[in-house]
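Descriptive structure summary
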Amino acid sequence: MDPNASVAGLARAIQLSVAPVFLLTGISGLLNIFTGRLSRIIDRVRVLQDAQDRVDPSQSDSLERALKVQRRRTFLINRAILCTGITALLVAGVVAVLFISAVAALDLAVIVVPVFVLAMLFLILGLVFFLLEVQLAIRQNPQRYY
């Protein structure tokens, strides 16, 4: 076996893996944004729960409605994090399969294509959950945003 051929195969494997690695970088940025929003929602829930313990019963209904919205936001952002995390795992799998395919000189496109499409579907779903959460947050306090 020619040592130059194995080095060329390794270089090709690295080249094929670079684009999905950039995608992983973008996904990690999204996860950072999503977890930041989740932290802010949790902080807001704590404030509302503390206020609920200190107010008279007439104001308790409005606080309960606000808590219900925060629970819905928590659900949506958790789903966005889940879907985006699954995307990252699938893209990492694509990188591994591409690398193995290039080094072993195998045609694993039959694996790569459906896994990558599935990753993009999970990314789309995660972004939809994120957009729904943002819209819910805006509707909660419309006077502050218009």
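This section reports on the structure supplied with the text. Computed from a predicted model, the values in this text were never measured in an experiment. Residues take numbers from 1 onward in each chain, read along the sequence in its written order. Local features in this predicted model are restricted to residues whose pLDDT is 70 or higher, and side-chain atom pairs enter the listing and the counts only when it is 80 or higher, whereas totals over whole chains, interfaces and linings include all residues. For side-chain calculations, the full set of non-hydrogen atoms in the structure is used, while hydrogens and water are omitted.

Structural notes on the overall build of the protein
Summing up its helical and strand segments, the protein has three helices and zero strands in all. Counting from the amino terminus, the protein carries its helices and strands in the arrangement α-α-α. The cut-offs for exposure are 20% and 50% of the maximum accessible area for each residue type, with area from a 1.4 Å probe on protein chains only; residues under the lower value are buried, those over the upper are exposed, and the others partly exposed. Per-residue burial for the protein yields a buried fraction of 29% across its 146 residues. Counted over contacts in the protein with a minimum sequence separation of 6, partners at least 24 positions apart contribute 78%. For the accessible areas, the method is Shrake-Rupley and the probe is 1.4 Å, while residue cover comes only from the protein chains on display. Carbon and sulfur atoms provide 66% of the accessible area of the protein, an area that totals close to 9400 Å². Only DSSP runs of H or I with at least four residues qualify as helices, and only runs of E with at least two residues qualify as strands; both kinds are numbered from the N terminus onward. By definition, residues are in contact when any of their heavy atoms lie within 4.5 Å.

Section: the environment of Leu-63
Here Leu-63 lies in helix H2 (residues 57-104). Along the primary structure Leu-63 and Ala-51 are separated by 12 residues, whereas in three dimensions their C-alpha atoms are 7.9 Å apart. Contacts of Leu-63, omitting those with residues within four sequence positions, involve Leu-48, Ala-51, Gln-52 and Val-55.

Notes on the nonpolar core
In terms of nonpolar packing, the biggest core is built from 17 residues, with Phe-34, Leu-48, Ile-77, Ala-80, Phe-129 and Phe-130 touching the most fellow members. Those elements that place two or more of their residues in this core are helix H1 (3-54), H2 and helix H3 (109-140). For this core, the element with the highest residue contribution is H2, accounting for seven residues. Ignoring anything within four residues of it in the chain, the contact list for Ile-77 reads Phe-34, Arg-37, Leu-38, Ile-41, Phe-130 and Glu-133. Nonpolar cores are built from buried Ala, Val, Leu, Ile, Met, Phe, Trp, Tyr and Cys residues. Side-chain atoms within 4.5 Å join them into one set.

Some points on the pattern of salt bridges
Opposite charge on two side chains permits pairing when their charged atoms draw close. Any Lys or Arg side-chain nitrogen found within 4 Å of a carboxyl oxygen on Asp or Glu counts as a salt bridge. What the rule picks out here adds up to four salt bridges. Note that Glu-133 and Arg-37 form a salt bridge whose closest N and O atoms lie 2.6 Å from each other. Taken together, the positions of Glu-133 in helix H3 and Arg-37 in helix H1 put the pair 96 residues apart, joining distant regions of the chain. Neither residue differs from the other here; Glu-133 and Arg-37 are each classed as buried. Notably, a salt bridge pairs Arg-73 with Glu-133, separated by 2.7 Å at the nearest N-O pair. Highlighted residues: Arg-73 in helix H2 and Glu-133 in helix H3, separated in sequence by 60 residues. For the residue pair Arg-73 and Glu-133, the accessibility class agrees, reading buried in each case.

A short note on H2
Each residue after the first adds 1.5 Å to the expected span of a helix. Over its 48 residues, H2 runs 70 Å from end to end, which matches the ideal 70 Å to within 8%, given 1.5 Å per residue. Positive backbone phi, at 55°, marks Ala-105, one or two positions downstream of H2.

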